[in-house]
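Topology and contacts: notes
Each chain is listed here by its residues.
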Amino acid sequence: MSRIQKIEWISCIILILSFIMAMFVLMKNLDLFGTGETNPFEIISIMAMIASAVFYLAVYITRTVKVFLNKTEEKTVRMTWAIGPVVIAIGTALLVNGVNSFSPAFKFLNILSGIGVILMVAVYNVFFFMYYGRRKMYVSLVLYNIAAIALSWGHIYFIHNYYLMALIPAIAVGYTELFIKNKITAK
């Protein structure tokens, strides 16, 4: 693994841990009526989560720019790294209401939403497959799909959102798989 991949792996883990910490603190200090004061730990945990997300994003952009300048990866991988997050953001924004996004008067258009959700699941899988530069990370890809489907059980109309939710943890698992594969092949 390259140094930037190791940094990205660490940034994924930091982002996951800071998210868990922020959600724990927010749930612990849940104020349903808005009459309580803000806990300092809430602010610190949210700031840590935002900082770790910015750090992860900076590492991702640095890796993508570096690969474009050095041309160390195939053109399809480079384009996936550059265009993938944009397509994911646009698809998520368009399909925010899932498959049933249209009112009853325009219910026939829900077919388009269903096709969009299926396409977004395909986009997530392609992005994840290309994330490591076409290295065969099949164990992580299978685990990613199993986790996203299991999380969306009962809410299958919003499966693309669950794929988005499981993406960063799946990337961390994928880097673990890559690390193990590199250790095995080095012997």
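Located above this text is the structure these notes cover.
Quick summary incoming for the structure in this document. Because the structure is a prediction, the values reported are computed rather than measured.

Looking now at the layout of surface pockets. Of the pockets and cavities examined, the largest pocket occupies roughly 560 Å³. When contributions to the lining of the largest pocket are tallied by element, the ones reaching two or more residues are helix 1 (3-28), helix 2 (40-70), helix 3 (75-94), helix 4 (110-131) and helix 6 (159-186). Residue composition of the lining of the largest pocket, grouped by class: 21 nonpolar, no polar and no charged. Of the volumes computed, that of the second largest pocket is approximately 180 Å³. Surrounding the second largest pocket, Ser2, Ile4, Gln5, Arg63, Lys66, Val67, Asn70, Thr72, Glu73, Trp81, Tyr132 and Arg135 form its lining. For the lining of the second largest pocket, the element with the highest residue contribution is helix 2, accounting for 4 residues. Tallied by class, residues from the lining of the second largest pocket come to 4 nonpolar, 4 polar and 4 charged.

Before going further, it helps to spend a moment on the packing of helix 2 against helix 3. For the pair helix 2 and helix 3, the least separation of the axes is 9 Å and the interaxial angle reads 145 degrees. The interaxial crossing formed by helix 2 with helix 3 has left-handed handedness. From helix 2, Tyr60, Arg63, Thr64, Val67 and Phe68 reach across to helix 3, where they touch Arg78, Met79, Trp81, Ala82 and Pro85. Here the contact of helix 2 with helix 3 is composed, by residue class, of 7 nonpolar, 1 polar and 2 charged.

Here we come to the pattern of salt bridges. Counting across every chain of the model gives 2 salt bridges. A salt bridge links Arg63 to Glu8; its shortest N-O distance comes to 3.3 Å. One end of the pair, Arg63, is in helix 2; the other, Glu8, is in helix 1, with 55 residues separating them in the sequence. A relative accessible area of 0% places Glu8 in the buried class. With a shortest N-O distance of 3.4 Å, Lys181 and Glu177 are connected by a salt bridge. A residue pair is termed a helical-turn pair when its members lie 3 or 4 positions apart in one helix, as Lys181 and Glu177 do in helix 6 at 4 residues. The exposure class of Lys181 is partly exposed, given its relative accessible area of 33%.

The subject of this paragraph is unusual backbone geometry. When glycine is set aside, most residues are seen to have a negative phi, and most peptide bonds are trans. In this structure, Lys71 takes a positive phi of about 50 degrees despite not being glycine. One can find Lys71 in the loop between helix 2 and helix 3.

What counts, and at which threshold
- Once a new chain begins, its residue numbering starts again from 1 and follows that chain's sequence as written.
- In keeping with the model being predicted, local features are shown solely for residues with a pLDDT of at least 70 and side-chain atom pairs are shown and tallied solely at 80 or more, while totals for entire chains, interfaces and linings include all residues.
- Excluding hydrogens and water, the side-chain figures rest on all heavy atoms present in the structure.
- A pocket, in this scheme, is an open set of points on a 1 Å grid over the protein atoms alone with protein on both sides within 12 Å along at least 5 of 7 lines, while a cavity is a set where a 1.4 Å probe fits but cannot get out; residues line either one if an atom lies within 4 Å of a point.
- Grid points are joined across faces, edges and corners, and a volume is the space filled by probe spheres set on the points.
- In DSSP terms, a helix is any run of H or I states spanning at least four residues, a strand is any run of E spanning at least two, and both are numbered starting from the N terminus.
- When residues are grouped by polarity, Ala, Val, Leu, Ile, Met, Phe, Trp, Tyr, Cys and Pro land in nonpolar, Asp, Glu, Lys and Arg in charged, and all others, Gly among them, in polar.
- Fitted lines through C-alpha atoms serve as axes, helices being fitted only where they are in contact, and the angles separating the N-to-C directions of these axes extend from 0 to 180 degrees.
- Each crossing gets its hand from how the near helix is turned against the far one by less than a right angle, where anticlockwise is left-handed and clockwise is right-handed.
- Residue contacts follow a heavy-atom distance rule, with two residues in contact if any of their heavy atoms lie within 4.5 Å.
- Salt bridges are counted wherever a side-chain nitrogen of Lys or Arg sits within 4 Å of a carboxyl oxygen of Asp or Glu.
- Partly exposed describes any residue whose relative accessible area lies between the buried limit of under 20% and the exposed limit of over 50%, with all areas from a 1.4 Å probe on protein chains only and scaled to the type maximum.

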